[in-house]
Amino acid sequence: MTWKTLIAATAAVVLALPAAAQTREFRLGLITPPAHVWNQEVAALNATLQERSGGRMSIVAFPSGQLGNEATMLQQMQTGALDMAWLTTAELTFRVPDMAALHAPFLVTNIADAARVFRSDVAREMLDALPRATGTVGLCYAMIGMRQMVMRNPIASAAELSGQRIRITPAPAISRFFEMFGAAPAPMPLPAIYDALANGQVDGLDMDYESIINFRYYEHAPYLLETNHHMFGMVALVSARVWAGLSAEDRALITDAMQLHCDRTVDRFVDEEQGKLDRLREAPGIRI
Ligand code: BEZ
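Keep in mind that what you see is a predicted model, and the values were worked out from it rather than measured.

(A) Focus on the site of the ligand. What surrounds the ligand is the set I31, T32, W38, T88, I144, R147, R167, T169, L190, M207, D208 and S211. A distance of 2.8 Å separates an oxygen atom of the ligand from a polar atom in the side chain of R167. Within the complex, 98% of the 260 Å² of free accessible area of the ligand lies under protein. Among the elements of the structure, strand 4 (136-151) and strand 7 (204-208) are those that each provide at least two residues to the shell around the ligand.

What follows is the structure in structure tokens.
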């Protein structure tokens, strides 16, 4: 056999491999830092996917908004430049306005009920709008903890929010909530917050316990208001273009693995919420 025929024969064998046998490394973007529960579960998702696919499929994570903010990651998935992302429901409300219902103030007052809402059929049906509205497929919901507030200065009543500049996750529904109190909402992506707080550009934050601990926001905003004023979801997304190129078997494998780690994320937030508040009570300088 000549070299030419050997190369041709090898190429023919490789091309003839079924789609299910091809190896694939998926790029997954997140806005959260490596220590965050989401990132820990994405690392675990990578291990699950590798194990269940016999090493054919894996995930490489891009944390802390390395690929851009959530709006940018959504655009990248639309073109197929990014394979997957774990994005906030807040970001998705720009494209799927119905999802703003999940951010309705005081829709639930505790994290266990928030978990029930994210696992409901009503929430699940909202994911059906994603392919047309965003060019992505929503595989499952997870969440972060209930939203609280941390302030630079003490606040004795809701009326005192008037005129205060409050950092929010960019989303019209969250903006409207703070405007109702006469506050000035300041939409800002997660990685930009610490410096804005340290420089005095904002008076307070709309935030969850996990992030308050991870980013030590209490160093500049020590007054924690335990408000539980809204729940905050995440959707595990896959680019619809990428999804269309996968075999039915691989889609099923990814769907199941993703669901497992969405569920674990939700369970962890429910189980760990009280412990996080207890830890914050011990944080230096904090006032609750
Ligand atoms: C935020 O924008 O506040 C946020 C986003 C993702 C995870 C946690 C917090």
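(B) Fine view of helix 5 (residues 111-118). Residues of helix 5 that are buried include every one of I111, A114, A115 and F118, and no others. Along helix 5, the residues classed as buried sweep out an arc of 100° about the axis, all on the same side. In this fold, the buried residues of helix 5 make contact with helix 6 (121-126), strand 4, strand 8 (223-239) and helix 12 (248-281). Between a side-chain oxygen at the N-terminus of helix 5 and the backbone nitrogen of A112 the separation is 3.1 Å; the capping residue is N110.

(C) Structural view of the packing of helix 5 against helix 12. Packing of helix 5 against helix 12 brings their axes to within 9 Å, and their N-to-C directions diverge by 170°. As the angle between them shows, helix 5 and helix 12 are arranged roughly antiparallel. The crossing of helix 5 and helix 12 is left-handed. Across from I111, A112 and A115 in helix 5, the residues of helix 12 making contact are V266, F269, V270 and E273. Looking at the contact of helix 5 with helix 12, its residues break down into 6 nonpolar, no polar and 1 charged.

(D) Region of interest: helix 3 (residues 70-79). Along helix 3, the positions that sit buried rather than exposed are E70, M73, L74 and M77. Looking straight down helix 3, one finds its buried side chains confined to an arc of 100°; they lie on one side. At its buried positions, helix 3 is contacted by strand 1 (24-30), strand 3 (84-88), helix 4 (89-92), helix 7 (130-134), strand 4 and strand 8. One side-chain oxygen at the N-terminal end of helix 3 lies 3.2 Å from the backbone nitrogen of A71; it belongs to N69. In the stretch just after helix 3, G80 is the one whose phi turns positive, near 90°.

(E) Here's a closer look at the side chain of K276. The topology assignment puts K276 in helix 12. A relative accessible area of 5% places K276 in the buried class. If near-sequence neighbours (up to four positions away) are discounted, K276 is found in contact with V37, Y209, E210, I213 and F269.

(F) Examining the environment of N39 more closely. Of note, N39 is situated in helix 2 (residues 37-52). Look at N39 and you get buried, because its relative accessible area is 10%. Remark: the alpha-carbon pair of N39 and L28, spanning 11 residues in sequence, is separated by 10 Å. Those residues within four positions of N39 in sequence are excluded, and the remaining contacts are L30, T32, P33, P34 and P63. Polar contacts involving the side chain of N39 include one to the side chain of T32, which spans 2.6 Å.

(G) Highlighting the pattern of salt bridges. The final tally for this structure, using the stated rule, is 14 salt bridges. A salt bridge links D83 to R24; its shortest N-O distance comes to 3.5 Å. With D83 in the loop between helix 3 and strand 3 and R24 in strand 1, the pair connects residues that are 59 residues apart, well separated along the chain. Its relative accessible area of 31% is what places R24 among the partly exposed residues. Among the ionic pairs, K276 bridges to E210, the shortest N-O distance being 2.6 Å. Of the two residues, K276 is situated in helix 12 and E210 in helix 10 (residues 209-214); the sequence distance between them amounts to 66 residues. Accessibility expressed as a relative area gives 7% for E210, which makes it buried. What emerges from the salt-bridge pattern is a single network uniting E41, E210, R268, E272 and K276.

(H) A look at the packing of helix 2 against helix 12. In contact at an axis separation of 9 Å, helix 2 and helix 12 are set at 150° when each is read in the N-to-C sense. Put simply, helix 2 runs roughly antiparallel to helix 12. Judged by the twist between their axes, the crossing of helix 2 over helix 12 is right-handed. In terms of residue class, the contact of helix 2 with helix 12 is made up of 11 nonpolar, 4 polar and 7 charged.

(I) Seen up close, unusual backbone geometry. The backbone phi angle of R216 is positive, close to 50°, even though this residue is not glycine. Inspection of the secondary structure assignment puts R216 in the loop between helix 10 and strand 8. For R216, a relative accessible area of 42% gives the class partly exposed. If you check the backbone angles, N228 has positive phi at about 45° while not being a glycine.

Cut-offs used in this document
- For every chain, the first residue of the written sequence is number 1, and numbering continues from 1 onward in sequence order.
- In keeping with the model being predicted, local features are shown solely for residues with a pLDDT of at least 70 and side-chain atom pairs are shown and tallied solely at 80 or more, while totals for entire chains, interfaces and linings include all residues.
- Note that the side-chain values use all heavy atoms of the structure and ignore hydrogens as well as water.
- When at least one non-hydrogen atom of a residue lies within 4 Å of a molecule or strand, that residue is treated as near it.
- Residues adjacent in sequence count toward polar contacts only when both atoms are side-chain atoms; beyond that, a polar contact is any pair of N or O atoms within 3.5 Å, and within protein one must be able to donate a hydrogen and the other to accept it.
- For every accessible area listed, the method is Shrake-Rupley and the probe measures 1.4 Å; residues are considered covered only by the protein chains on display.
- Strands are runs of DSSP state E lasting at least two residues, helices are runs of H or I lasting at least four, and both sets are numbered from the N terminus onward.
- Think of it in three bands: residues with accessible area under 20% of the maximum for their type are buried, residues over 50% are exposed, and the middle band is partly exposed, with areas taken using a 1.4 Å probe on protein chains only.
- The arc refers to the directions leading from the helix axis to the C-beta atoms.
- Any two residues whose heavy atoms approach within 4.5 Å are treated as being in contact.
- Axes here refer to lines fitted to C-alpha atoms; in helices the fit is confined to the stretch in contact. Angles between the N-to-C directions go from 0 to 180 degrees.
- Angle categories: roughly parallel below 35 degrees, roughly antiparallel above 145, roughly perpendicular from 65 to 115, and oblique for all the rest.
- Here a crossing is called left-handed whenever its near helix is offset anticlockwise from the far helix by less than a right angle, and right-handed whenever the offset is clockwise.
- Polar here means any residue outside two lists: the nonpolar Ala, Val, Leu, Ile, Met, Phe, Trp, Tyr, Cys and Pro, and the charged Asp, Glu, Lys and Arg; Gly therefore counts as polar.
- The salt bridge definition used is simple: a Lys or Arg side-chain nitrogen within 4 Å of an Asp or Glu carboxyl oxygen.

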